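Commentary on secondary and tertiary structure
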Amino acid sequence: FDFTMDMMFITDMLLTFRTAYFEANSKTNEPMAVTTPRLIALNYARGFLIIDLVSSIPFDLILLPLCGDGGTAEQSALL
């Protein structure tokens, strides 16, 4: 289950890099969709990228082999 959730978060991050957002037009102040991939990526990087990145790190897979839980190496490998 944890692996599935981690993959869903990572997929969401990748999709967010390609999802348009709305921004006010500087001349008319009307909202317009920004669809340029570079601008979308920069907007995401300035906003929620760090939060999404930290939330999608599989800490259980990283810390379990380091800390150990009394289980066997075979059990750790299955995670």
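Turning our attention to a nonpolar patch on the surface. The grouping of Ile 50, Val 54, Ile 57, Phe 59, Ile 62, Leu 63 and Leu 66 at the surface amounts to a nonpolar patch, some 660 Å² of accessible area in total. Per-element tally for the nonpolar patch: the top contributor is helix H4 (residues 59–67), with four residues. Relative to the helices and strands, Ile 50 is located in helix H3 (residues 49–56).

Let's shift gears to unusual backbone geometry. The backbone of Asn 29 shows a phi angle near 60°, a positive value even though the residue is not glycine. Its location among the elements puts Asn 29 in the loop between strand E1 (21–24) and strand E2 (31–34). Under the relative-accessibility criterion, Asn 29 is labelled exposed at 61%.

To continue, consider H3. Side chains of residues three or four places apart in an α-helix project in the same direction, reflecting 3.6 residues per turn. Those residues of H3 that fall on the buried side of the exposure criterion are Leu 49, Asp 52 and Ser 56. Looking straight down H3, one finds its buried side chains confined to an arc of 70°; they lie on one side. In H3, the exposed residues that point more than 90 degrees away from the buried face are Ile 50 and Ile 51.

Another aspect to go through is the packing of aromatic side chains. Remark: the centre distance and the inter-plane angle together describe each pair of aromatic rings, the angle taken between the planes. Tallying each qualifying case throughout the model produces one aromatic pair. Relative to Tyr 44, the ring of Phe 17 has its centre 4.9 Å away and its plane inclined at 90°; by these criteria the two rings are edge-to-face. Pair noted here: Phe 17 is in the loop between helix H1 (2–16) and E1 and Tyr 44 is in helix H2 (residues 37–46), with a separation of 27 residues, a long-range link. Of the residues examined, Tyr 44 reaches a relative accessible area of 6% and is grouped as buried.

Parameters and conventions
- Residues numbered from 1 in each chain as written.
- Predicted model: local features only at pLDDT ≥ 70, side-chain atom pairs only at ≥ 80, totals over all residues.
- Heavy atoms only, no water.
- Patch = residues over 30% accessible without salt bridge, like charges linked within 9 Å, V, L, I, M, F, W, Y side chains within 5 Å.
- Areas by Shrake-Rupley, 256 points an atom, 1.4 Å probe, with all protein chains shown as cover.
- Salt bridge = Lys/Arg side-chain N within 4 Å of Asp/Glu carboxyl O.
- Helix = DSSP H or I, 4+ residues; strand = E, 2+ residues; numbered from the N terminus.
- Buried < 20%, exposed > 50% of the residue type's maximum accessible area, 1.4 Å probe, protein only.
- Arc of directions from axis to C-beta.
- Phe/Tyr/Trp six-rings, centres within 6.5 Å; stacked < 30°, edge-to-face > 60°.

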